[in-house]
Amino acid sequence: MSIEDRVRRVLADAAATEPPPRRAPLDSVRRRRRRRPVLAGAVAVVLVLAAVIGLAAVRRPDRDRPLPSTVPTDGWVTFTDTADNLRFRYPPDWRVEQPDAREAPGTYRLVPPELVGAPERQRNLVYLTSGRRFWVGEDWFGTTSLGRLPGGQAYLRADDTGDRYQRTTWSVDWGRPCLNDLQRCLPRSVRVDLSTADTWLWDRYHLVVATIVTTLAQPQPTAPSTGDVSLPACQPGQWQLVWPEEYAGPRGEQGTAIQGGVQHLQGARCHLRTTVRLAVEDAAGRLLPVQGNPASMLLEMDLPIGGLPRESGSWVIGVTPMWRFIWDEWCNRGLPRATLRVSADGVGSITVPGLDPSPTEPGFGSGCRDRGQPSTVHAWP
Amino acid sequence: MARDDPDFREFFAGEFWPLRRVGFLLTGDWDQAEDLAQEAMARTWAAWPRVRGYDRPVAFARKVLLNRHRSLLRRAVVEARHRLASRSEERSQPDFGGDDLVVWQALQGLPARQRTAIVLRYYVDLPEAEVARQLGVPVGTVKSWTHRGLARLRDRLGPIYADERLTSTARTEADP
């Protein structure tokens, strides 16, 4: 099933859960304007009552436990998934569920004791998934940071506090295992998502989940996700840089992400290790006064399997190593519409048109404002 | 006045519930959805002498709902009220399991513009040009929002959709 079809079905199913209305709809509409003068007062009363209820809720004794600075793992249970080369430990009173083993192997739900059988479980989730995707995807919501597990695996952590959820995602480099069901060895990652709509659950469990992440281990050692260095080195003419012709907006629209991959052109399998550079230039090819300009990063992968896949006319992002740069505060006054030149050794460069820093119509990037902060460009993550 | 207008009654009977469902998909909250749908209907009623002559009065009502939703997002106080209220009493939520739950939660976590574009495109089944008209943005912007939203959903469903892509890629590479 395509993602579009799945979204259609989920939206239709969600809307089908419609409860009865709180009041007679047409009569309510008729009264609506007459009620307006008292609406503000009613809202104030509701706010005060809700604040009192909320305060009482957070002060309930069983939810007022102080935060631990560390989480001891004595007595924790070990879970092993040999098919996904995955092992982790979790508290004995938690439950590990596999929501759909057939459709989504390698996906587990970790349920803390308070949520077993509780209605709040639907909006408080801990998911652990193992999949064939590169560990650096597009998790640049909120604040991102890099780290390493005790076993040495690199991870990208993204923390976000949204309107309704607090969320942390760890995306862990799980190497390039050659699993039994695969003809090829592909990059894999393990992803742990903690998402809660209830603050007390967040306060109680985010350190526990962070500790579970630190227990992640590989029963069998794997090759690096960036490829097989024993393969012949890729030569110029075997590959080229590609840009998927789209922009992304990390950290709102104050930052614009320029990301892409490489396309295999010809030749046998090879190992690519190259430095990719991004230069932010004006129309005459002069570097613009942006901190970190030009930026560079190391790109390493095997070709052709590591190349950026193209599907239905679109480049697919997230399943291979990619080059990624972020230009923060790109719309500061004094910066013209830039030309972004991406280059790599031996293969020339591609030109990415910069966004209009003062757009005349709504569109991507039109929410960017000069906030008086320095304009910077850097590789990501 | 439209109070006893049979046309408005008929319009209301046919369109209130779909509007309420759209409101729910935008907010994830049936109470907010009902408020949005009622506000949209109240304003449509106020403008009914003019709106009744439109080819598709529901487009007017839906646009009111979308604008109202956008205003709600800007009003942190109202959001806070709903957040607090939702903690004190259990809200009605879809009883999803497995990946559908992940999709639903991911949809709720999308930026409002991306979520709105996806709901209008894939639930209301509007063409991109109509979505653009309803949201007051260029078609290219709708394409971008939809694309980015779906990309995030794919990212959340990585194990399934990454496998699909790589399978197809591997087939392509095997071709002479």
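Throughout this description, residue numbers start from 1 for each chain and increase along the sequence as written. Here chains are named by letter from A upward and ligands by number from 1 upward, in the order in which they appear as written. For this predicted model, a pLDDT threshold of at least 70 governs which residues receive local features, and a threshold of 80 or more governs which side-chain atom pairs are given and counted, while totals over whole chains, interfaces and linings are taken from all residues.

Regarding the overall build of chain A
Part 1 of the reasoning: Numbered from the N terminus, helices here are DSSP runs of H or I no shorter than four residues, and strands are runs of E no shorter than two. What chain A contains, in helices and strands, is 3 helices and 19 strands.
Part 2 of the reasoning: Partly exposed residues are those whose C-beta has more than 12 but fewer than 20 other C-beta atoms within 10 Å; 20 or more makes a residue buried and 12 or fewer makes it exposed, with C-beta atoms placed from the backbone. A burial count over chain A gives 38% of its 381 residues as buried.
Part 3 of the reasoning: The contact rule is simple: place each C-beta atom from the backbone, and if two of them lie within 7 Å, those residues are in contact. Counting only contacts in chain A whose residues sit at least 6 apart along the sequence, the fraction spanning at least 24 positions is 62%.

As for the sheet that holds strand β19 (residues 376-379) of chain A
Residues and elements named next belong to chain A.
Part 1 of the reasoning: Taken in spatial order, the 4 strands of this open sheet run β10-β11-β16-β19, and their pairing is antiparallel. Since the sheet does not close on itself, it has two edges, and those belong to β10 (239-242) and β19, each with one partner. Mean inter-strand twist for the sheet, computed between neighbouring axes without regard to direction, equals 20°.
Part 2 of the reasoning: Pairing between two strands requires that DSSP report at least two bridges joining them. Bridge count for strand β16 (residues 323-328) against β19 is 4 bridges, and the pairing is antiparallel. Looking across to β19, one finds that isoleucine 326 is bridged to histidine 378. Lines fitted to C-alpha atoms define the axes, with helix axes restricted to the stretch in contact, and inter-axis angles between N-to-C directions lie between 0 and 180 degrees.

Focus: the nonpolar core
Part 1 of the reasoning: Nonpolar core, as used here: buried Ala, Val, Leu, Ile, Met, Phe, Trp, Tyr and Cys residues forming one set through C-beta atoms within 7 Å. Membership of the largest hydrophobic core comes to 83 residues, with the highest contact counts inside it found for Leu11 of chain A together with Leu25, Met41, Leu65 and Val103 of chain B.
Part 2 of the reasoning: Tallying contributions element by element places helix α1 (residues 6-27) of chain B first for this core, with 9 residues.
Part 3 of the reasoning: Not counting the four nearest positions on each side in its chain, leucine 65 of chain B is found in contact with Leu19, Val22, Gly23, Leu36, Ala37 and Ala40 of chain B.

As for the confidence of the model for chain B
Residue and element names in this part refer to chain B.
Part 1 of the reasoning: The pLDDT value tells you how sure the predictor is about a given residue, anywhere from 0 up to 100. With 72% of its residues at a pLDDT of at least 70, chain B reaches an overall mean of 72.
Part 2 of the reasoning: With pLDDT under 50 throughout, residues 76-91 is counted as low confidence; its partners more than four residues away or in other chains account for 25 contacts.
Part 3 of the reasoning: Long-range and interchain partners of residues 162-176, a stretch whose pLDDT sits below 50, account for 17 contacts in this model, where long-range means more than four residues apart.
Part 4 of the reasoning: The ipTM assigned to the predicted complex is 0.79, against a pTM of 0.60.

Some details on the sheet that holds strand β4 (residues 107-111) of chain A
All names here are of chain A.
Part 1 of the reasoning: The sheet built from 7 strands is open, its strands ordered β3-β4-β5-β9-β8-β7-β6 with antiparallel pairing. Of all the strands in the sheet, just β3 (95-97) and β6 (143-148) have a single pairing partner and so form its edges. Each adjacent strand pair in this sheet contributes to an overall mean axis angle of 20°, direction not counted.
Part 2 of the reasoning: In this sheet, strand β8 (residues 166-173) lies alongside strand β7 (residues 154-161) in antiparallel orientation, the contact comprising 7 bridges. Residue pairing for β8: aspartate 160 is matched across the bridge by arginine 167.

Brief notes about the environment of serine 171 of chain A
Part 1 of the reasoning: For serine 171 of chain A, the position within the fold is in strand β8.
Part 2 of the reasoning: In this structure, the C-alpha to C-alpha distance between serine 171 of chain A and leucine 128 of chain A, residues 43 residues apart in sequence, is 9.8 Å.

Things to note about helix α2 (residues 30-46) of chain B
Part 1 of the reasoning: Here the expected span of a helix is defined as 1.5 Å times the quantity of residues minus one. Compared with an ideal rise of 1.5 Å per residue, which puts 17 residues at 24 Å, α2 of chain B spans 24 Å between its outermost C-alpha atoms and is within 8% of the ideal.
Part 2 of the reasoning: Counting buried positions over the 17 residues of α2 of chain B gives 15, a clear majority of the element.

Focus on the packing of α1 of chain B against α2 of chain B
Residue and element names in this part refer to chain B.
Part 1 of the reasoning: Viewed as axis vectors pointing N to C, α1 and α2 meet at an angle of 140°, and their least axial separation amounts to 8 Å. In terms of orientation, α1 and α2 fall into the oblique class. As α1 packs across α2, the resulting crossing turns out to be right-handed. Contacts between α1 and α2 involve Phe8, Phe12, Phe16, Leu19, Arg20, Gly23, Phe24 and Thr27 from the first element and Trp30, Gln32, Ala33, Glu34, Leu36, Ala37, Ala40, Met41 and Trp45 from the second.
Part 2 of the reasoning: In this classification, Asp, Glu, Lys and Arg are treated as charged, Ala, Val, Leu, Ile, Met, Phe, Trp, Tyr, Cys and Pro as nonpolar, and every other residue, Gly included, as polar. Residue classes in the contact of α1 with α2 are distributed as 12 nonpolar, 3 polar and 2 charged. Roughly parallel covers angles under 35 degrees, roughly antiparallel covers those over 145, roughly perpendicular covers 65 to 115, and oblique covers all other angles. The sense of a crossing depends on the near helix, which, turned anticlockwise from the far helix by less than a right angle, makes the crossing left-handed and, turned clockwise, makes it right-handed.

A short note on the packing of helix α7 (residues 112-123) of chain B against helix α9 (residues 139-156) of chain B
Residues and elements named next belong to chain B.
Part 1 of the reasoning: At their nearest, the axes of α7 and α9 sit 8 Å apart, and the two run at 95° to each other. Taken as axis vectors, α7 and α9 run roughly perpendicular relative to one another. Here Arg113, Gln114, Arg115, Ala117, Ile118 and Arg121 of α7 lie close against α9, whose contacting residues are Val142, Trp145, Thr146, Arg148 and Gly149.
Part 2 of the reasoning: For the contact of α7 with α9, the residue count by class is 4 nonpolar, 3 polar and 4 charged.

Some remarks on the confidence of the model for chain A
Part 1 of the reasoning: Taken as a whole, chain A shows an average pLDDT of 80; of its residues, 75% reach a score of 70 or greater.
Part 2 of the reasoning: Between residues 55-69 of chain A, whose pLDDT stays under 50, and residues either more than four places distant or in other chains, the model counts 10 contacts.

Digging into helix α8 (residues 128-135) of chain B
One full turn of an α-helix is made of 3.6 residues, so residues set three or four places apart face in the same direction.
Part 1 of the reasoning: When α8 of chain B is considered as a whole, its buried residues turn out to be Val131, Ala132, Gln134 and Leu135 of chain B. Along the axis of α8 of chain B, the buried positions cluster into a sector of 165°, meaning they face one direction only. Taking the helix axis as origin, the arc is that swept by the directions to the C-beta atoms.

Thoughts on the pairing of strand β2 (residues 86-90) of chain A
All names here are of chain A.
Part 1 of the reasoning: Only one face of β2 is covered, namely the face carrying Leu86, Phe88 and Tyr90; the face carrying Arg87 and Arg89 is uncovered.
Part 2 of the reasoning: Note: strand β1 (residues 77-81) against β2, 5 bridges, orientation antiparallel. Directly across from valine 77, in β2, lies its bridge partner tyrosine 90.
Part 3 of the reasoning: Linkage of β1 to β2, two consecutive antiparallel strands, is achieved through a turn of 4 residues, within which asparagine 85 is found at a positive phi near 50°.

Looking at unusual backbone geometry
Residues and elements named next belong to chain A.
Part 1 of the reasoning: In this structure, the amide linkage connecting leucine 303 to the following residue, proline 304, adopts the cis form with an omega of 10°.
Part 2 of the reasoning: By the element assignment, proline 304 lies in the loop between β13 (295-303) and β14 (310-311).
Part 3 of the reasoning: Cis geometry is adopted by the peptide bond preceding proline 381, which originates at tryptophan 380 and carries an omega value of 5°.
Part 4 of the reasoning: Among the secondary structure elements, proline 381 is positioned in the segment after β19.
Part 5 of the reasoning: Non-glycine residue asparagine 85 carries a positive phi angle of around 50°.
Part 6 of the reasoning: Tracing the backbone through its elements, the reader meets asparagine 85 in the loop between β1 and β2.
Part 7 of the reasoning: Residue asparagine 85 is classed as buried on the basis of its C-beta count, with 21 C-beta atoms lying within 10 Å.

Digging into the environment of arginine 148 of chain A
Residues and elements named next belong to chain A.
Part 1 of the reasoning: Checked against the element boundaries, arginine 148 lands in strand β6.
Part 2 of the reasoning: Through-space distance from the C-alpha of arginine 148 to that of threonine 214 is 8.8 Å; in sequence the pair is 66 residues apart.
Part 3 of the reasoning: Beyond its immediate sequence surroundings of up to four residues, arginine 148 is in contact with Gln153, Ala154 and Tyr155.

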